[in-house]
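One letter stands for each residue in the lines below.
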Amino acid sequence: VVKNILPGAGADEGGVQINDILLRWNGQPIGSRADFGLLVSQAEIGSIVKLQVERGPEHESRLLRVEIKGSTGPKQPSSGLKQSKVTTAKRPSRSASGGSAV
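Note that the coordinates shown come from a computational prediction; the quantities given were computed from them, not determined experimentally.

1. Description of the overall build of the protein
Right, so step 1: Per the secondary structure count, the protein includes three helices and five strands.
Right, so step 2: Scanning the protein from its N terminus toward the C terminus, one meets helices and strands in the order α-β-β-α-β-β-β-α.
Right, so step 3: Here the protein holds 102 residues, and the buried ones make up 31% of them.
Right, so step 4: Here the analysis covers contacts within the protein between residues at least 6 apart in sequence; of these, 52% occur between residues at least 24 apart.
Right, so step 5: Accessible surface computed for the protein: about 6,200 Å², of which carbon and sulfur atoms make up 54%.

So this is what it looks like as structure tokens:
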């Protein structure tokens, strides 16, 4: 579950919100904080990733630019990534979702 978002960072610009539940990173399931940390650490700085989140009764996919945590330097243009919702689907039953809160 997202508890904090750095203002102006990739998650903020990509439309991730407090209390979103992180489900998948570029199609790979996120089962724990450790899984998420590993996926983020393996991503190339500046790359665009697809993050699937659960928000209320819906699943949404967001495109995010990977950045260095806390960076304050000039940013590359966001290429329209602000609030870039890709897909929305109704949440499947809990037993079939395969995701867990992070």
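2. Some words on the packing of aromatic side chains
Right, so step 1: Overall, the coordinates contain one aromatic pair when judged by the stated rule.
Right, so step 2: On the basis of an interplanar angle of 85° and a centroid distance of 5.7 Å, the ring pair of Trp25 and Phe36 is categorised as edge-to-face. One end of the pair, Trp25, is in strand 1 (residues 21–25); the other, Phe36, is in helix 2 (residues 33–42), with eleven residues separating them in the sequence.
Right, so step 3: Trp25 gets classed as buried once you look at its relative accessible area, which sits at 8%.

3. Looking at the pattern of salt bridges
Right, so step 1: Within this structure, the stated rule accounts for three salt bridges.
Right, so step 2: Between Glu60 and Arg55 there is a salt bridge, with its nearest N and O atoms 3.0 Å apart. With respect to class, Glu60 is no different from Arg55; both count as buried.
Right, so step 3: Taken together, the salt bridges that share partners define one network made up of Asp20, Arg55, Glu60 and Arg62.

4. A short note on unusual backbone geometry
Right, so step 1: In this structure, Asn19 is a non-glycine residue whose phi angle is positive, near 80°.
Right, so step 2: When you line up the elements, Asn19 lands in the loop between helix 1 (10–13) and strand 1.

5. Quick notes on the environment of Arg62
Right, so step 1: Within the fold, Arg62 resides in strand 4 (residues 58–65).
Right, so step 2: At 2.6 Å, the side chain of Arg62 and the side chain of Glu60 are in polar contact.

6. With respect to the environment of Glu60
Right, so step 1: Relative to the helices and strands, Glu60 is located in strand 4.
Right, so step 2: Judged by its relative accessible area of 5%, Glu60 is buried.
Right, so step 3: The spatial distance from the C-alpha of Glu60 to the C-alpha of Asp20 is 9.7 Å, given a sequence separation of 40 residues.

7. A closer look at the pairing of strand 1
Consecutive side chains of a regular strand alternate in pointing toward one face of the sheet and then the other.
Right, so step 1: Of all five residues in strand 1, four are buried, a share of seventy percent or more.
Right, so step 2: Here four bridges tie strand 1 to strand 3 (residues 48–55), and the two strands are oriented antiparallel to one another. Pairing of Ile21 across the sheet is with Glu54, part of strand 3.
Right, so step 3: Here two bridges tie strand 1 to strand 2 (residues 28–29), and the two strands are oriented antiparallel to one another. Counted as the bridge partner of Arg24 is Pro29 from strand 2.

Reading guide: rules and limits
Residues numbered from 1 in each chain as written. Predicted model: local features only at pLDDT ≥ 70, side-chain atom pairs only at ≥ 80, totals over all residues. Heavy atoms only, no water. Helix = DSSP H or I, 4+ residues; strand = E, 2+ residues; numbered from the N terminus. Buried < 20%, exposed > 50% of the residue type's maximum accessible area, 1.4 Å probe, protein only. Contact = heavy atoms within 4.5 Å. Areas by Shrake-Rupley, 256 points an atom, 1.4 Å probe, with all protein chains shown as cover. Phe/Tyr/Trp six-rings, centres within 6.5 Å; stacked < 30°, edge-to-face > 60°. Salt bridge = Lys/Arg side-chain N within 4 Å of Asp/Glu carboxyl O. Polar contact = N/O pair within 3.5 Å; in protein donor to acceptor, adjacent residues only side chain to side chain. Pairing = 2+ DSSP bridges.

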